[in-house]
Amino acid sequence: MNRTFSLLFVALLLFSACKENKEKHKVSSSSLTESVYASLTVQPSEKYNAFSAVGGIVKAIAVTEGDTVAEGQLILQIDNSNPELNAENAKLAYELAKDNFYGKENILDELEKQIETAELKLYDDSVNYFRQKRLWEKKIGSQSEYEKRKLAYQLSENQLQLLKVRYQQSKNELRTSFKQAENNYKTSLKSTKDFSIRSEMKGKVYELKKERGEIVSLQESVALIGSRDSFIVEMLVDEVDISKISLGQKVLIRLDAYGKEIFSGKLSKIYPKMDSRSQTFKVEATFDVQADQLYPGLTGEANIIVDEKKGVITIPIDYLLEGDQVQTKEGLVKVETGIKNFDHIEIRSGLDTGMFIFKGN
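Draft legend 1. Examining the packing of aromatic side chains more closely. On inspection of all chains with the given rule, the structure shows 7 aromatic pairs. Ring centres of Phe263 and Phe287 lie 6.4 Å apart, and the angle between their planes is 90°; this geometry places the pair in the edge-to-face category. In this pair, Phe263 sits in strand β13 (residues 262–270) while Phe287 sits in strand β14 (residues 280–287), placing the two residues 24 residues apart along the sequence. Within the aromatic cluster, the residues linked to one another by ring pairs are Tyr129, Phe130, Trp136, Tyr146 and Tyr153. Against the face of Phe356 rests Lys24, its NZ or CZ located 4.8 Å from the ring centre.

Draft legend 2. Fine view of the pairing of strand β16 (residues 325–328). Summarising the sheet, β16 and strand β17 (residues 331–334) pair through 4 bridges and their orientation is antiparallel. By the bridge assignment for β17, Val326 is matched with Val333. Counted along the chain from β16 to the antiparallel partner β17, the turn is 2 residues long. Pairing of β16 with strand β20 (residues 356–358), which is carried by 2 bridges, proceeds in the antiparallel orientation. Residue pairing for β20: Thr328 is matched across the bridge by Ile357.

Draft legend 3. Structural view of the pairing of strand β10 (residues 221–226). Of all 6 residues making up β10, 6 are buried, and the element is well covered by its neighbours. Bridging between strand β8 (residues 203–208) and β10 involves 4 bridges; their strand directions are antiparallel. Bridge pairing in β10 places Leu208 opposite Ala223.

Draft legend 4. Molecular detail of the sheet that holds strand β6 (residues 74–78). The 4 strands are arranged β7-β6-β4-β9 in an open sheet whose pairing can be described as antiparallel. The open sheet has two edge strands with one neighbour each: β7 (196–198) and β9 (215–216).

Draft legend 5. Fine view of the pattern of salt bridges. For the coordinates displayed, the defined rule picks out 13 salt bridges. Asp241 is the partner of Lys244 in a salt bridge, and the nearest nitrogen-oxygen pair spans 3.6 Å. Among the residues examined, Lys244 registers a relative accessible area of 38% and is labelled partly exposed. Between Lys266 and Asp288 there is a salt bridge, with the nearest N and O atoms lying 3.5 Å from each other. Of this pair, Lys266 sits in strand β13 while Asp288 sits in the loop between β14 and β15 (299–316), and the two are 22 residues apart along the sequence. Judged by its relative accessible area of 43%, Lys266 falls in the partly exposed class.

Quick notes on the rules
Residues numbered from 1 in each chain as written. Predicted model: local features only at pLDDT ≥ 70, side-chain atom pairs only at ≥ 80, totals over all residues. Heavy atoms only, no water. Phe/Tyr/Trp six-rings, centres within 6.5 Å; stacked < 30°, edge-to-face > 60°. Helix = DSSP H or I, 4+ residues; strand = E, 2+ residues; numbered from the N terminus. Lys NZ or Arg CZ within 6 Å of the ring centre and 35° of its normal. Pairing = 2+ DSSP bridges. Buried < 20%, exposed > 50% of the residue type's maximum accessible area, 1.4 Å probe, protein only. Salt bridge = Lys/Arg side-chain N within 4 Å of Asp/Glu carboxyl O.

Given below as structure tokens:
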């Protein structure tokens, strides 16, 4: 019996010593914030996928991934030999139509000269006709001479009217041809520009999706362009938490690339449509102070602060064991948990302040 008692006593001593060697924490009360958890991805504050307005083959790439680009800077050139020929033909047709309408010795100038000649002839024929008419009224001269002068006058008058109508018609036709040629030329120039894909913003080339010689279609993005120095955080919030979210709330941000370092931000946008597949809403936050180096696609987690509690029992979150249990001197204790943040969790029941708890079983 004494031997058995001694063994039990030694075991108890060893168990007690083992506990003393474990990390321990004294339970206390403090303030704790209530937050909504969200997974996150870092993205440029402005970004867009560049598409081509035409299909074709990549002729040249003017930038590399990581380059800073100015607004309007060439990114990629698609083979445009046919459109350039069309533009040249359209230019020739435009210049010809312009010369026909505005140039020296054009059709209208020729018609104007014919009208001037016809007006002079009409004037001369009218003088002869009315002089012959007065003579015939006085029974001087012959009737045939009178009718000859009358016919010449009428023919001159008709010829002048025909020339004026022809002049107006020609003017309208030449003006129309000129405007059509001008529009065709402008359209051909625009079509030529469509083969040059340029940046729509000042920023950075984050991704090039095509290489020289590859085919480009209208449905495919060829590059991802975004802001160079300004980033936001995109988060996915579960539908059960979205009613707690409002603009301006503080956001605590932890990035996988920066370990346990915490960044703060503010909720800046809530997208109103839920993703039916994931049952989540997308929200955005801006950084109060950005990390030194950020890249699109960096992942992490965030807590959106929705409330704050004071004077509640809290413990470090890594002291909580599976099944909401905590290791005490007396053994495992089942606890009821409440709100939590990155480091601490609220204990609603099961522990009292002043108790010691131990990390691990």
